[in-house]
Amino acid sequence: KLKFLWLPQGWTQVSSFLDDLELRHHAHGSSHVDGLGAYRLYTHWPSWYSVPYGVLAKLGFYDKSVFQWLALTMSFSSLFFLYFALSHLTPSLIAVFAVGLYAFSPTFLQYSDSLANMPCDDLFRFSFMYFWVRNNTKWNTFFACLSFLLCTLTSLDSILFILGFG
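Residues numbered from 1 in each chain as written. Predicted model: local features only at pLDDT ≥ 70, side-chain atom pairs only at ≥ 80, totals over all residues. Heavy atoms only, no water.

Q: Would you explain the side chain of S112 in this entry?
A: Assignment of secondary structure puts S112 in the loop between α5 (106-111) and α6 (118-133). The buried category is assigned to S112, whose relative accessible area is 7%. Beyond its immediate stretch of four places on either side in the chain, S112 contacts A71, L72, S75 and P119. (Helix = DSSP H or I, 4+ residues; strand = E, 2+ residues; numbered from the N terminus. Buried < 20%, exposed > 50% of the residue type's maximum accessible area, 1.4 Å probe, protein only. Contact = heavy atoms within 4.5 Å.)

Below you can see the structure in the form of structure tokens.
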């Protein structure tokens, strides 16, 4: 059984289909208000980022290192998208420097192999940036919209970033 993923709010049926998850808690727990009973508190992390891990578990991969390799693949792919987006806007040397600053930042180094939302969030946010700055065909527009949609399913924080960038 998969013991380190939790059952995200709002995705009970999807998560249960993908795997019988053991840890059934919520990021902020539950609360009681004036006789209304228990209700779930808001969290700003939609749970799409757990779906790729659930699919791997459904395929029989339960080792944490497999999930970390998937997270690392998404994280390093996001660096390529960031580089190509920035190199379209700036000289290549500046793009390499900017990607290097991000790649060696404590945030990236600590969360690039995590099972949290950051690897998916970075991948879709930076792929949106890439397809948006290369918006010269209808396919780039389609992939920019697809990246935006997937990013909204990963983190609502990124919607503010994307709307500010676009």
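Structure's up, so let's keep going.
Q: Any chance you could explain the packing of aromatic side chains here in plain terms?
A: For any pair of aromatic rings, the description consists of the separation of the ring centres together with the inter-plane angle of the planes. Throughout the structure, instances matching the rule amount to 15 aromatic pairs. With centroids separated by 5.6 Å and ring planes inclined at 90 degrees, the aromatic side chains of Y102 and F126 adopt a geometry described as edge-to-face. Of the two residues, Y102 is situated in helix α4 (residues 92-103) and F126 in helix α6; the sequence distance between them amounts to 24 residues. Looking at Y102, the relative accessible area reads 21%, which means it is partly exposed. Aromatic rings pair up to connect F81, Y83, F84, Y130, F131, W139, F142 and F143 into one cluster. Positioned over the ring face of F126 is R125, at 5.1 Å from the centre of the ring. (Phe/Tyr/Trp six-rings, centres within 6.5 Å; stacked < 30°, edge-to-face > 60°. Lys NZ or Arg CZ within 6 Å of the ring centre and 35° of its normal.)

Q: Would you explain the packing of helix α3 (residues 64-89) against α4 in this entry?
A: Two quantities define a packed helix pair, namely the angle between the axes and the distance from one axis to the other. α4 packs onto α3 with a crossing angle of 150 degrees between their chain directions and a minimal axis gap of 8 Å. α4 is crossed by α3, and the crossing has right-handed handedness. Contact residues: L79, L82, Y83, L86 and S87 in α3; S92, A95, V96, A98, V99, Y102 and A103 in α4. In the contact of α3 with α4, the residues fall into 10 nonpolar, 2 polar and no charged. (Axes fitted to C-alpha atoms, helices over the stretch in contact; angles between N-to-C directions. Left-handed = near helix turned anticlockwise from the far one by under 90°. Nonpolar A, V, L, I, M, F, W, Y, C, P; charged D, E, K, R; others polar.)

Q: Can you walk me through the environment of D63 in this structure?
A: Relative to the assigned elements, D63 resides in the loop between α2 (51-58) and α3. In this structure the side chain of D63 is engaged in a polar contact, spanning 2.5 Å, whose partner is the side chain of S65. (Polar contact = N/O pair within 3.5 Å; in protein donor to acceptor, adjacent residues only side chain to side chain.)

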